[in-house]
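Summary of structural features
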Amino acid sequence: MCGFVAMQGDGAWHTNRRTVPGTGVHLLWEDGTPLPVDQLTLALTREPSVTRTGITVGGQEPFDALTLYLAGALPGFCRLQVDPDSDNEVLNPPPAHWPSAAIVRGASLARLATERIGDGDDRKGKYEFVVHGHGAQGHLAAQEMAEQVRHWHLNHRGALCPRIAAHPTASCAQAGTNHIPHVFAKKHTRITVDWPIVPGSAALLLDPGTSQVR
């Protein structure tokens with residue numbers, strides 16, 4: 001929510017931005033090596049599937065914590081921008097200043113969006129989180145993201161803010177190529193994000209590739 005001033009100096013980072021050919025859709029990676037995007041053209045020029053989450057947010061309610069959670073929980077995470085009047089099948093394109101969360105799965109992609117379902121108690125809108133799946137396996141990627149949205153809502157949304165710890169890279173092992181949930185290898189530090197759990201929640205969703213319960 002305070003991203004209006006980019007990091008300056010030795011800690012500056014230039015976002016890796018890749019354009020899907022012929023679509024006007026751009027994918028942005030904040031960390032690591034960007035995944036290939038040329039294979040996504042067909043997926044983004046066909047109508048997507050829509051997976052509903054049943055989780056709502058107010059029209060003036062920020063959900064940056066959800067974006068941070070998804071960035072740590074899902075491998076292949078990136079953010080999605082769309083050029084105005086471009087030729088693609090992206091429904092309800094995100095605003096230019098707030099790219100939407102997305103994940104790439106080979107030639108398929110899933111993207112978080114919101115759909116207005118009412119006015120809300122404050123008359124400023126009530127929205128449901130939905131996930132659009134693009135490509136042959138887009139519905140599976142959308143289900144994967146929707147599951148994480150529900151997990152965040154049930155287990156972390158009402159808890160305290162996450163605890164963020166930064167360690168100099170010289171004092172810890174370098175991150176490998178495999179995705180480690182909620183661990184971010186930065187230029188000079190390795191950052192871990194610990195998400196407090198809402199008292200009484202089950203927290204039964206397993207971290208991918210591990211036997212540990214979050």
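Residues numbered from 1 in each chain as written. Predicted model: local features only at pLDDT ≥ 70, side-chain atom pairs only at ≥ 80, totals over all residues. Heavy atoms only, no water.

Notes on the pairing of strand S6 (residues 108–118)
- As paired strands, strand S5 (residues 100–105) and S6 are joined by 4 bridges and run antiparallel to one another. If you follow valine 104 over to S6, its bridge partner there is leucine 109.
- As consecutive antiparallel partners, S5 and S6 are separated by 2 residues, and within that stretch glycine 106 has a phi angle of approximately 65°, a positive value.
- With 9 bridges connecting them, S6 and strand S7 (residues 126–134) associate as antiparallel partners. Bridging from a neighbouring strand, leucine 112 pairs with valine 131 of S7. (Pairing = 2+ DSSP bridges. Helix = DSSP H or I, 4+ residues; strand = E, 2+ residues; numbered from the N terminus.)

Focus: the packing of helix H2 (residues 64–73) against helix H3 (residues 138–155)
- In contact at an axis separation of 10 Å, H2 and H3 are set at 125° when each is read in the N-to-C sense. The orientation of H2 relative to H3 falls into the category oblique. Once H2 is placed against H3, the crossing between them reads as right-handed. Side by side, H2 and H3 meet where Ala65, Leu66, Tyr69, Leu70 and Ala73 of the first sit next to Met145, Gln148, Val149, His151 and Trp152 of the second.
- Grouping the amino acids of the contact of H2 with H3 by side-chain chemistry returns 8 nonpolar, 2 polar and no charged. (Axes fitted to C-alpha atoms, helices over the stretch in contact; angles between N-to-C directions. Parallel < 35°, antiparallel > 145°, perpendicular 65-115°, else oblique. Left-handed = near helix turned anticlockwise from the far one by under 90°. Contact = heavy atoms within 4.5 Å. Nonpolar A, V, L, I, M, F, W, Y, C, P; charged D, E, K, R; others polar.)

Here we look at H2
- Among the 10 residues that make up H2, 7 are buried, leaving the element largely enclosed by the rest of the structure.
- Here H2 has its buried residues at Leu66, Thr67, Tyr69, Leu70, Ala71, Gly72 and Ala73.
- On the buried face of H2, the contacting elements are strand S4 (77–82), S5, S6, S7, H3 and strand S9 (183–185). (Buried < 20%, exposed > 50% of the residue type's maximum accessible area, 1.4 Å probe, protein only.)

Looking at the sheet that holds strand S3 (residues 49–58)
- Pairing is antiparallel in the open sheet, where 7 strands are placed in the order S1-S2-S4-S5-S6-S7-S3. Both edges of this open sheet fall to strand S1 (16–20) and S3, since each of them pairs with a single strand only. Pairwise comparison of adjacent strand axes, ignoring direction, gives a mean angle of 35° for this sheet.
- Against the sheet, H2 touches S4, S5, S6 and S7, its axis set at about 125° to S4.

Some words on unusual backbone geometry
- Phi is positive for asparagine 92, close to 50°, though the residue is something other than glycine.
- Within the secondary structure, asparagine 92 sits in the loop between S4 and S5.
- In the Ramachandran plot, arginine 123 falls in the positive-phi region, its phi being about 65° despite a non-glycine side chain.
- Here arginine 123 lies in the loop between S6 and S7.

Describing the pattern of salt bridges
- The tally for this structure, following the rule as stated, stands at 7 salt bridges.
- The partner of glutamate 30 in a salt bridge is arginine 79, with the nearest N and O atoms 2.5 Å apart. In this pair, glutamate 30 sits in the loop between strand S2 (25–29) and helix H1 (41–44) while arginine 79 sits in strand S4, placing the two residues 49 residues apart along the sequence.
- The class for glutamate 30 is partly exposed, based on a relative accessible area of 32%.
- For the salt bridge of glutamate 115 with arginine 52, the shortest nitrogen-to-oxygen distance reads 3.0 Å. Here arginine 52 lies in strand S3 and glutamate 115 lies in strand S6, a separation of 63 residues in the sequence.
- Residue glutamate 115 is classed as partly exposed on the basis of its relative accessible area of 32%.
- Take arginine 52: its relative accessible area is 38%, and that puts it in the partly exposed class.
- Linked by salt bridges that have partners in common, Arg52, Glu115 and Glu128 make up one network. (Salt bridge = Lys/Arg side-chain N within 4 Å of Asp/Glu carboxyl O.)

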